[in-house]
Number of protein chains: 2
Amino acid sequence: MAPKRTLIVDCDTGIDDALALLYLLGDPDVELSAVTTVFGNTDADTAALNTLRVLELAGRSDIPVAVGARSNWCGEAHLAPYVHGSDGLGNTNLPAPTTTPSPEPAAELIVRLARENPGSTHLLAIGPLTNLATALLLEPELPQLVAHVTVMGGAVRHPGNATPAAEANIHNDPEAARMVLRAGWPVTLVPLDATMCEVLTEQHQRRLAECGSPATAFTSSILDQYFDFYERDIFGERRAACHDPLAAAIAAGDVEPVLAPVVATDVDTGDGPGRGATIADVRGQYQNFPAQEGANVRVVLETDRTFSDLLVDRLCGAPERAQQVA
Amino acid sequence: MAPKRTLIVDCDTGIDDALALLYLLGDPDVELSAVTTVFGNTDADTAALNTLRVLELAGRSDIPVAVGARSNWCGEAHLAPYVHGSDGLGNTNLPAPTTTPSPEPAAELIVRLARENPGSTHLLAIGPLTNLATALLLEPELPQLVAHVTVMGGAVRHPGNATPAAEANIHNDPEAARMVLRAGWPVTLVPLDATMCEVLTEQHQRRLAECGSPATAFTSSILDQYFDFYERDIFGERRAACHDPLAAAIAAGDVEPVLAPVVATDVDTGDGPGRGATIADVRGQYQNFPAQEGANVRVVLETDRTFSDLLVDRLCGAPERAQQVA
């Protein structure tokens, strides 16, 4: 039996962060060693409370949750209540969790766990990259201590969502994103190019509602707000992209991308109209992406577009498996 | 009978510029009132000589050719001999033309012709936009004097070619491109998204060689160098993109794009990795591009991918029609 893959998830919970966490909690091959939170979909403190709520639903309140950056280094924090609801969880207004966040700051927790388990921790970042960049400043050897970094973020051949050029996680802290992509560790970037093609539908939502566990009832209910947003602003119909869950499944090793070249990738940190754009050198697209000097990031451009089925399968099985683990 | 469409072509001749000029000279519905040249594929003076050579081949040495900008306003001029040959025409090393360029600077000629024929001149720019921007500085009313501007340039959902983010014409003078796109006149942008999908093959080249006129023998011979470049650096096989001819056919009204939303479009004029990127707001792509505030440019994202056949048809008929005109 292969050993479990140990993950730290850095997130801004968030509707799709909640789905990603529940997906990972139902994964028999994954051990979630900690969750750290950052501003983004909601503020970092609400994100921590939402994370604790999700862990409680899954019977996994043993997993530590640490609060991290409340803004980027420029003092800015663009939140997204119009996407995720004012409570970050689709205006479901759940009761307060029975547990509380760890007193340890997120970046310190990341560094401590990486030092305690050198070479075995996978980092999954599904919010702005401020905590990871701060951890790199705290521990310059972090790239040697971590096994792999998977980031949900960016837009390469797909338009941005925060601006015409930039995806929200990267746009929220372009300087941190540049530092993370350039740190010299193995990075997989899961941009909108892939996530916008893995789509949850009303049929998926009904399946979740019918599964009958508290966790699936919760996931079904938070999708209402998410579909509202996607119908109004993006797709013109009630379906939604699987951003964070797809990145989680790739980090867990469950989904093998169809197209994921390793290419030179940078972030626009200027203040022009491209601020926060992820500039990946995909000019080799006509020749199956030949090896490239300066290639630093594995960029997931395509998956097989069946992930949302896998996600719902997993979520429907999740409570049982979570109890086995507990 | 509809009146002819009057075009001024601003170009950096260049293999595909030569094809575009010959295409337009064979168009019974187009009157080419002048050609102006700019640095880009080759230097502005060589571009003028090459243009005179092409006009001579088509029996149209009556059309004035004026030399324009020899660099952008930063004093830079990135030329592309590795694409177009050291002579700009595929190292065919043609003899000097029998005619000479006009003494009038390109931008002044553009302004003069626009003033003489208010509302009827179409500008087709298939090189860096320095001459058009200079003309806008000389005559701030130019946008009201010109019927339409068509620009070959940019890359939206397609990677750049000068850099990972930027197409060469825009990258060669981002400040000028920004000025041209923002000038308030009707602009159609024909980016790599469209031009890379309209492809000339060796079969087309053979057809041109077999047509038997001096002009088609010339077009066949200049394609050798172009295919060399595209085989080595882009496609891995002997075929080439129809950048400038496609823009010419769209400016002439011969090709109706399949997808060409009018969207807010800007140019990155910073000095980061996105310098020269065309940032077009195509976030409406999932809802058929609803009307957008600030929409300033018609961006051709797709054509029907049959243009190269039309181009070769036209070039094979061109000498005859050119002689009829003369």
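Use the structure listed above.
Residues numbered from 1 in each chain as written. Chains lettered and ligands numbered in written order. Predicted model: local features only at pLDDT ≥ 70, side-chain atom pairs only at ≥ 80, totals over all residues. Heavy atoms only, no water.

Thoughts on the sheet that holds strand S12 (residues 297-299) of chain A
Residues and elements named next belong to chain A. As a reminder, the rule being used: Only when DSSP finds a minimum of two bridges between them are two strands counted as paired. Runs of H or I in DSSP of at least four residues are treated as helices and runs of E of at least two as strands, each being numbered from the N terminus.
An order of S3-S2-S1-S4-S5-S6-S12-S9 is seen for the 8 strands of this open sheet, with the pairing classed as mixed. The open sheet has two edge strands, strand S3 (65-67) and strand S9 (262-263), and neither has a second partner. Pairing analysis gives 4 bridges linking strand S5 (residues 146-152) to strand S6 (residues 187-190), with the strands arranged parallel. Opposite Met-152, over in S6, you have Val-190 as the bridge partner.

Focus: the relation of the copies chain A and chain B
Where we set the bar: Superposition of the copies used a least-squares fit over C-alpha atoms from residues whose pLDDT is at least 70 in both. Contacts are residue-level and defined by heavy atoms, with any inter-residue pair within 4.5 Å sufficient.
Each copy superposes on the other: chain A lies on chain B with an RMSD of 0.0 Å after a rotation of 180 degrees and an axial shift of 0.0 Å. Taken together, the rotation and translation relating the two chain copies correspond to the operation of a two-fold axis. Among all residues of chain A, the one whose C-alpha sits closest to the rotation axis is Arg157(A), at a distance of 2.3 Å. Most of the interface of chain A is mirrored in chain B: 100% of its interface residues are interface residues there too.

Brief notes about the interface of chain A and chain B
Often, the extent of an interface is quoted as the loss of accessible area on bringing the components together. Spelled out, the test is: Defined here as a combined quantity, buried area equals the accessible surface (1.4 Å probe) lost by two parts on assembly, summed across both. For salt bridges, the criterion is a side-chain nitrogen of Lys or Arg within 4 Å of an Asp or Glu carboxyl oxygen. Side-chain atoms alone can form a polar contact between residues adjacent in sequence; in general such a contact is a pair of N or O atoms within 3.5 Å, and within protein one must be able to donate a hydrogen while the other accepts it. Ten residues, namely Ala, Val, Leu, Ile, Met, Phe, Trp, Tyr, Cys and Pro, are considered nonpolar, four, namely Asp, Glu, Lys and Arg, are considered charged, and the remaining ones, Gly among them, are considered polar.
At the junction of the two partners, chain A supplies 30 residues and chain B supplies 30 residues. Summed over both partners, the interface of chain A with chain B buries about 2,200 Å², with 60% contributed by carbon and sulfur atoms. Taken as a group, Pro273(A), Arg283(A) and Tyr286(A) account for 30% of the area that chain A buries against chain B, more than any other trio of residues on that side. Remark: the boundary between chain A and chain B carries 0 salt bridges. Here chain A and chain B share 8 residue pairs in polar contact (both at pLDDT 80 or more) between them. Mapped by element, the contributors of at least two residues to the side of chain A that touches chain B are helix H11 (214-234), strand S10 (265-267) and strand S11 (278-280) of chain A. For the side of chain A that touches chain B, the residue count by class is 13 nonpolar, 8 polar and 9 charged.

Regarding unusual backbone geometry
Most of the time, phi is negative for any residue but glycine, and the peptide bond is trans. Looking along the chain, the bond that leaves Thr13(A) and enters Gly14(A) is cis, with omega of -5 degrees. If you trace the backbone, Gly14(A) turns up in the loop between strand S1 (5-11) and helix H1 (15-25). Although it is not a glycine, Asn91(B) sits at a positive phi angle of roughly 55 degrees. Its place among the elements puts Asn91(B) in the loop between helix H3 (81-84) and helix H4 (106-116). Of note in this structure, Asn288(B) is not a glycine but carries a positive phi near 55 degrees.

Some details on the packing of H4(B) against helix H5 (residues 130-138) of chain B
Residues and elements named next belong to chain B. Quick note on the threshold: Axis definition: a line fitted to C-alpha atoms, limited for helices to the stretch in contact. Angles are taken between N-to-C directions and run from 0 to 180 degrees. Should an angle fall under 35 degrees it is taken as roughly parallel, and over 145 as roughly antiparallel, whereas 65 to 115 is taken as roughly perpendicular and any remaining angle as oblique. Here a crossing is called left-handed whenever its near helix is offset anticlockwise from the far helix by less than a right angle, and right-handed whenever the offset is clockwise.
At a closest axis distance of 8 Å, the pairing of H4 and H5 adopts a crossing angle of 60 degrees. The angle between the axes of H4 and H5 places the two elements in the oblique class. Of the two elements, H4 crosses H5, and the hand of that crossing is right-handed. For the pair H4 and H5, contact is made by Ala-106, Ala-107, Glu-108, Ile-110, Val-111 and Arg-115 and by Asn-131, Leu-132, Thr-134, Ala-135 and Leu-138, respectively.

Re the pattern of salt bridges
Cut-off, in case you're wondering: For each residue, the accessible area found with a 1.4 Å probe, counting protein chains only, is set against the maximum for its type, and the residue is called buried under 20%, exposed over 50%, and partly exposed in between.
Overall, the coordinates contain 36 salt bridges over all chains when judged by the stated rule. Residue Arg115(B) is joined to Glu139(B) by a salt bridge in which the shortest nitrogen-to-oxygen separation is 2.9 Å. Here Glu139(B) lies in the loop between H5 and helix H6 (142-145) and Arg115(B) lies in helix H4, a separation of 24 residues in the sequence. Taking relative accessible area as the criterion, Arg115(B) reaches 47% and is therefore assigned partly exposed. For Glu139(B), a relative accessible area of 11% translates into the label buried. In this structure, the salt-bridge partner of Asp281(B) is Arg283(B), at a minimum N-O distance of 2.9 Å. Among the charged side chains, a network of salt bridges with common partners joins Glu202(A), Asp228(A), Glu231(A) and Arg238(A).

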